[in-house]
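# Working through the structure, step by step
Letter by letter, the chains look like this.
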Amino acid sequence: MENESKPLQGKTIVITGLSSGFGRGSALKLASLGANIAGIARRTHLLQSLESEIKSTGGKIITLAGDVSNYKDVQQLHENAISSFGGYDVWINNVGVGALGYFWDIPINDHARLVDVNLKGVIYGAHTALNYFIKTGGGALINIGSIDSEVPLALQNTYAATKAAVLSLSRSLTQELDLAEMKNINITTIMPWAVDTPWWIHAANYTGHKPRMAAMDDAQIVIDKIAEACLEPKGEITVGAKATASHIFHRIFPRWSEGITADLSKKKKQRKRTMHLQPREVFMNQWRVEMM
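In short, a report on the structure. Just so it is clear, the structure is predicted and the values come from calculations on it, not from any experiment.

Attention shifts here to the sheet that holds strand E3 (residues 61-65). In sheet architecture, strand pairing relies on hydrogen bonds along the backbone and comes in two forms, parallel and antiparallel. On the basis of which strands lie adjacent, the open sheet formed by 7 strands has the order E3-E2-E1-E4-E6-E7-E9 and parallel pairing. Strand pairing shows two members of the sheet lacking a second neighbour, E3 and strand E9 (236-239), which therefore form its edges. Looking at each pair of strands side by side, their axes are set apart by 15° on average, direction ignored. Against the sheet, helix H2 (residues 21-32) makes contact with strand E1 (12-16), strand E2 (36-41), strand E4 (90-93), strand E6 (139-144) and strand E7 (185-192), and its axis sits at roughly 170° relative to E1, the strand it touches most.

Structure (structure tokens):
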């Protein structure tokens, strides 16, 4: 009965972006299923809180205060998982910082930081994990994308571009694993609709309005899909009815779909109350001390 209630017993899962949102929720869910957790984020106090919560229920977790855009920190996470748990079975690239506004209004350093975290952080994690899985003979890589990976969204320009890159990277790596006949290594890309997480609070906001998206999904449905992918990798997964419908609609009517999403972004921008812009220097300082 214990194995049925804890199907991940004895498995180790690495999670980036551990301190909040999908990262924190996934850590709690996966630990409850028996997995050992090794993760990285920037906010030390939130990592300590998560450690205490998991350990209080008998779970096992190690954390590292670090930055996924720093390759040395990613390598340290890899080494910590091996030294503490003897290795790992799944690596979850869960990173996603944002900047909202017209492309030309967002300072260039903010655009660059999105690429550093959302794309380079995923590349560093994927490169580390795949090399390890090749040596050990198998494993699963899970990349957290977005519906923006398939359907571009106005006012989320560079964020959408990095998430599209995550999906493209996943597809390329899947093809390469097939060419190399490495059938025991699996890659999953998870693509949710807009979700009610702290992402919206932490994103740099240059719209002049409260950052929000229509009819956001609950984070739990994404966390549940992440857990399912750890148990059974499934390639590409759109999460929820809205993401699935948007994905299908965009495949059939791309220009029409993009026009609708652009209008949606514009209307939400106009409806929401005006708020103070988050100055670039404040935003960049937050990025230096926090991880989504």
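Glycine aside, negative phi is the norm for most residues, and most peptide bonds take the trans geometry. Positioned with a positive phi, Leu155 is a non-glycine residue whose angle comes to about 75°. Following the sequence through the fold, Leu155 ends up in the loop between E6 and helix H6 (157-179). Despite not being glycine, Glu181 shows a phi value in the positive range, around 55°. As for its position among the elements, Glu181 is in the loop between H6 and E7. Looking at Glu181, the relative accessible area reads 63%, which means it is exposed.

Attention now moves to the packing of H2 against helix H8 (residues 219-231). In the contact formed by H2 and H8, the axes pass within 9 Å of each other and the chain directions differ by 55°. Relative to H8, the element H2 is oriented oblique. Classified by chirality, the crossing of H8 by H2 is right-handed. Here Phe22, Gly25, Ser26, Lys29 and Leu30 of H2 lie close against H8, whose contacting residues are Ala219, Val222, Ile223, Asp224, Ile226, Ala227 and Cys230.

Attention now moves to helix H3 (residues 44-56). Along its 13 residues, H3 runs 18 Å from first to last C-alpha, staying within 8% of the 18 Å computed at 1.5 Å per residue. Of the residues trailing H3, Gly58 is marked for its positive phi of about 90°.

With that settled, consider the nonpolar core. Of all hydrophobic cores here, the largest spans 35 residues; its most connected members are Val14, Leu77, Tyr88, Trp91, Phe133 and Leu141. Mapped onto this core, the elements with two or more residues apiece are E2, helix H4 (71-85), strand E5 (99-100), helix H5 (108-136), H6 and E7. Broken down by element, this core gets its largest block of residues, 9 residues, from H5. Within the second largest apolar cluster, 32 residues are counted, among which are Ala27, Ile37, Ile61 and Val90.

Now for the pattern of salt bridges. For the coordinates displayed, the defined rule picks out 10 salt bridges. Taking the shortest distance from any N to any O, the salt bridge between Lys29 and Asp224 comes out at 3.4 Å. Placement of Lys29 in helix H2 and of Asp224 in helix H8 is noted, with a sequence separation of 195 residues between them. According to the relative accessible area criterion, Asp224 is partly exposed, its value standing at 26%. Its salt-bridge partner being Arg171, residue Glu236 comes within 2.6 Å of it at the nearest N-O pair. With Glu236 in strand E9 and Arg171 in helix H6, this residue pair connects regions lying 65 residues apart in the sequence. For Glu236, a relative accessible area of 36% puts it in the partly exposed group.

So, how was this worked out
- Residues numbered from 1 in each chain as written.
- Predicted model: local features only at pLDDT ≥ 70, side-chain atom pairs only at ≥ 80, totals over all residues.
- Heavy atoms only, no water.
- Pairing = 2+ DSSP bridges.
- Helix = DSSP H or I, 4+ residues; strand = E, 2+ residues; numbered from the N terminus.
- Axes fitted to C-alpha atoms, helices over the stretch in contact; angles between N-to-C directions.
- Contact = heavy atoms within 4.5 Å.
- Buried < 20%, exposed > 50% of the residue type's maximum accessible area, 1.4 Å probe, protein only.
- Parallel < 35°, antiparallel > 145°, perpendicular 65-115°, else oblique.
- Left-handed = near helix turned anticlockwise from the far one by under 90°.
- Expected span 1.5 Å × (residues − 1).
- Core = buried A, V, L, I, M, F, W, Y, C linked by side-chain atoms within 4.5 Å.
- Salt bridge = Lys/Arg side-chain N within 4 Å of Asp/Glu carboxyl O.

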